[in-house]
Amino acid sequence: MSTTTSDPETVSIKHLSFSHQNGTKALVDVNLSVQRGSRVLLIGSNGAGKSTLLQILAGKRMVPAGSVELLQHDVFRQSPPGVTFLGTEWAMNAVVRGDIKVSVFLDSVGGYRHKARRDLLLGILDVDLEWRMHQISDGERRRVQLVMGLMAPWDVLLLDEVTVDLDVLVRHDLISFLIKETEERNATILYATHIFDGLESFPTHVVHMRDGTLVDQPVPWPIRNVEATHTSLYNLALTWLKEDRAIRLSAEAAGQRTKRGARDSDQVPTDSETFYKKYDYAH
């Protein structure tokens, strides 16, 4: 696998800002370049903008023309082939919780066209074709989602917390499969997660996101300090998130951000009449 600067960019983001419909800023002047064959791990606290960034790369959010390109295509207007997005919301969809056998479900989304890869993934993810979608657990349903999403060869894979329901063994085997895919097919992965166990050998690069911005461009992993020893991925994430919290608390103390947590003015009424009036939602 080659990820040198001479390689073509798989992901190119230039001065991207994005706000939700309520006006909340989700991304602010994001610039990102990812080379083909990279496995990029997005690290940041809840609300840092990781999911929004992945959704934009998947073409699920409209952004200004030219600001986001994937495989040299405008992600929203040209929708390049070979891009797969897998997020947590899929398993909650009523359709995939219906009374349908897994084999029928996979065939309905083209499993018969990719039988060799489908069968490989069935073994890696330990999926039984006789399962019925409405009877299996959330973790088993997540495995079916991964078989469905990964069985067609992909060039770019966008993963948003999608391994959260998997047991340790299945997750380990899946990570090994994904590493092999990038090394043998020069495919690219961007992965946002808060679970770092077993990921030490996964990323080629790590990205620190804070308040909708990138603290820096993708940093090659492992990171070595001046003593030529490298920290663990877990400790790196812990260090970055502690820094983020300290910056946020400083901004709150300066009155630049709304303070989180309990407030002195948030007093619970001591007499019952006032209490029930306060929490009477009928009016």
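The name an unreviewed UniProt entry assigns to the protein is Related to ATP-binding cassette (ABC) transporter, from the organism Serendipita indica.

A. Representation of the packing of aromatic side chains in the model. A complete count under the given rule lists one aromatic pair for this structure. Between the aromatic rings of Tyr-191 and Phe-202, the centroid separation amounts to 5.7 Å while the plane-to-plane angle is 85 degrees, which identifies the pairing as edge-to-face. Here Tyr-191 is found in strand β8 (residues 188-192), whereas its partner Phe-202 is found in the loop between β8 and β9 (205-210), with eleven residues between them in sequence. Positioned over the ring face of Phe-202 is Arg-39, at 5.8 Å from the centre of the ring. The residue whose ring lies beneath Arg-185 is Trp-154, and the NZ or CZ to ring-centre distance is 5.1 Å.

B. How the structure looks around unusual backbone geometry. In the segment running from Trp-221 into Pro-222, the intervening peptide bond is cis, with an omega of 5 degrees. Of note in the backbone geometry, Asn-186 takes a positive phi value of approximately 60 degrees without being a glycine. Position of Asn-186 relative to the elements: it lies in the loop between α5 (168-185) and β8. Under the relative-accessibility criterion, Asn-186 is labelled partly exposed at 24%.

C. Inspection of the side chain of Thr-188 at higher detail. Along the chain, Thr-188 falls in strand β8. Dropping the residues within four chain positions of it, Thr-188 is found in contact with Thr-10, Val-34, Gln-35, Arg-36, Gly-37, Ser-38, Trp-154, Asp-155, Val-156 and Leu-157.

D. The arrangement of the pairing of strand β7 (residues 156-160) in detail. Extensive coverage of β7 is indicated by the burial of five of its five residues. Neither face of β7 is open: one carries Val-156, Leu-158 and Asp-160, the other Leu-157 and Leu-159, and all of them are buried. Taken together, the five bridges between strand β6 (residues 83-87) and β7 define a ladder with parallel strand orientation. By the bridge assignment, Thr-84 is partnered in β7 with Leu-157. For the handedness criterion, the β-α-β arrangement of β7, α5 and β8 is classed as right-handed.

The rules behind the values
- Residues numbered from 1 in each chain as written.
- Predicted model: local features only at pLDDT ≥ 70, side-chain atom pairs only at ≥ 80, totals over all residues.
- Heavy atoms only, no water.
- Phe/Tyr/Trp six-rings, centres within 6.5 Å; stacked < 30°, edge-to-face > 60°.
- Helix = DSSP H or I, 4+ residues; strand = E, 2+ residues; numbered from the N terminus.
- Lys NZ or Arg CZ within 6 Å of the ring centre and 35° of its normal.
- Buried < 20%, exposed > 50% of the residue type's maximum accessible area, 1.4 Å probe, protein only.
- Contact = heavy atoms within 4.5 Å.
- Pairing = 2+ DSSP bridges.
- Right-handed = clockwise from strand over helix to strand, strands pointing away.

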